[in-house]
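Read off the chains here:
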Amino acid sequence: SAIFFILFVFLHLFKHLLMLTNSILLIDVDPVEFDMLCDALTHVDKSIGCVQAFNCKEGFEKLGASAGLPKFIFLDLNMPPSSGKYCLEKLKKHPVYASVPVFIYTTSDRETDKMETTKLGAQKYFIKPNSMSELKHLLSYVVSDEWRSN
């Protein structure tokens, strides 16, 4: 029974280490947004997982604990205690995480937010959709890499 316990612990730790590989990391304080994003993603591409971090600090902790990098990071701008812009700047200055595409995913439609986050390195700026079909369309656009060409 000790062998089973060791195997169980090993598998649990191994799963934790690989948790971000082939996934979207959503850094957003709202668990409802996470549930909606993951639900829509299962309709778009079942092979991509979802992981949530409630703030920038937790996002960096999850990135640091993972053996692999996520496919994409979706980042809200309105998160206490630090802003999404601060988090974006940290991500894009990091020697390893800078290569991960970051999409701003927020309710703000302020043109200054769009311009600032583009300057800081965000790939695209998305205003959170009002419907599940719009969210599925947005995720299809991202997952298909269509965003790279326009």
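Residues numbered from 1 in each chain as written. Predicted model: local features only at pLDDT ≥ 70, side-chain atom pairs only at ≥ 80, totals over all residues. Heavy atoms only, no water.

**Details of the pairing of strand 5 (residues 124-127)**
Note that strand 4 (residues 102-106) and strand 5 share 4 bridges and pair parallel. Considered in strand 5, the bridge of I104 is made with Y125. Between strand 4 and its parallel partner strand 5, the chain crosses via helix 5 (residues 111-120), and the hand of that crossover is right-handed. (Pairing = 2+ DSSP bridges. Helix = DSSP H or I, 4+ residues; strand = E, 2+ residues; numbered from the N terminus. Right-handed = clockwise from strand over helix to strand, strands pointing away.)

**Observations regarding the sheet that holds strand 5**
A sheet is described by the order of its strands in space; here 5 strands give the open sequence 2-1-3-4-5, paired in parallel fashion. A single partner strand is all that each edge strand has here, and the edge strands are strand 2 (49-53) and strand 5. If you compare each strand with its neighbour and ignore which way they point, the axes differ by 25° on average. (Axes fitted to C-alpha atoms, helices over the stretch in contact; angles between N-to-C directions.)

**Side note on the side chain of S108**
If you trace the backbone, S108 turns up in the loop between strand 4 and helix 5. Within the structure, the side chain of S108 is placed 3.3 Å from the backbone nitrogen of R110, a separation counted as a polar contact. For S108, the side chain forms a polar contact with the side chain of D113, separated by 2.5 Å. Sequence-distant contacts of S108, that is, excluding residues within four places in its chain, are made with D113, Y125 and I127. (Polar contact = N/O pair within 3.5 Å; in protein donor to acceptor, adjacent residues only side chain to side chain. Contact = heavy atoms within 4.5 Å.)

**Describing the pairing of strand 2**
Consecutive residues of a regular strand have side chains that alternate between opposite faces of the sheet. Note that strand 1 (residues 23-27) and strand 2 share 5 bridges and pair parallel. Residue pairing in the sheet places L25 in a bridge with V51 of strand 2. Between the parallel pair strand 1 and strand 2, the chain is carried across by helix 2 (residues 31-44), and the sense of this crossover is right-handed.

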